[in-house]
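Single-letter residue listing:
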Amino acid sequence: MTTAVVVGNPKPASRTLAAATYLATQLTGDEPDLVIDLATLGTAILDWSDETVAGLVEQVGKADLVVFASPTYKAAYTGLLKLFLDRFAGGTGLSGLAIPLMLGGSPAHSLAPEFTLRPVLTEIGGTVPGRGLYVVDSAHDDPAAYADWLAATRPTVAALLGDRS
């Protein structure tokens, strides 16, 4: 089983990265195999002929579980994450489970993962095993902010990943 984390925060080593890595670890019991902090790719993310980015897309597409994470900008995920997601083929770009995670300043945009990120992940072939997760920025490092979502979603993830083992 392979697990990946893709983070679309324009700031490298962000709270979003910490939250996504924590979530992937909580879902699988292990550190993710691949962590992509898109901010570190620089202008390569804009170059469709860049082999490094193409390789990352291929690895993510084959992963059994991928946490896609973004801060909430204008009630949606970032353009940086959009640039990466645009590289995936429609319907077949992802072969595994896709977890939409977004962080924001207040609960005002708590439906953003469901209305903005989830549809794209399913369009490119991902299976979203539960509702998207929204975490208030100030609680990104508080396990309680994830507890209810994990209790509801972890059994489904485990059952689906068990089928892939």
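Residues numbered from 1 in each chain as written. Predicted model: local features only at pLDDT ≥ 70, side-chain atom pairs only at ≥ 80, totals over all residues. Heavy atoms only, no water.

Considerations on the nonpolar core
- In this structure, Val6, Ile36, Leu38, Val60, Phe68, Phe84 and Leu85 are the most contacted members of the largest nonpolar core, which totals 30 residues.
- In contact with Leu38, not counting residues within four places along its chain, are Val6, Val7, Gly8, Ile45, Leu80, Leu81 and Phe84.
- Judged by nonpolar contacts, the second largest core, of 22 residues, contains Ala20, Leu101, Leu103 and Tyr146. (Core = buried A, V, L, I, M, F, W, Y, C linked by side-chain atoms within 4.5 Å. Buried < 20%, exposed > 50% of the residue type's maximum accessible area, 1.4 Å probe, protein only. Contact = heavy atoms within 4.5 Å.)

Some details on the pairing of strand E5 (residues 133–136)
- Bridging between strand E4 (residues 97–104) and E5 involves 4 bridges; their strand directions are parallel. Residue pairing for E5: Gly104 is matched across the bridge by Val136.
- Once the chain exits E4 it traverses helix H4 (residues 112–123) before rejoining the sheet at E5, and the crossover so formed is right-handed. (Pairing = 2+ DSSP bridges. Helix = DSSP H or I, 4+ residues; strand = E, 2+ residues; numbered from the N terminus. Right-handed = clockwise from strand over helix to strand, strands pointing away.)

Thoughts on the pattern of salt bridges
- Applying the stated criterion to the full structure yields 4 salt bridges.
- When the shortest N-O distance is used, the salt bridge between Asp137 and Arg15 registers 3.3 Å. On the criterion of sequence distance, the pair formed by Asp137 in the loop between E5 and helix H5 (144–162) and Arg15 in helix H1 (residues 15–28) is long-range, its members being 122 residues apart.
- For Glu114, the salt bridge identified is with Arg118, shortest N-O distance 3.3 Å. In this pair, Glu114 and Arg118 are both assigned in helix H4, 4 residues apart and thus about one turn of the helix distant. (Salt bridge = Lys/Arg side-chain N within 4 Å of Asp/Glu carboxyl O.)

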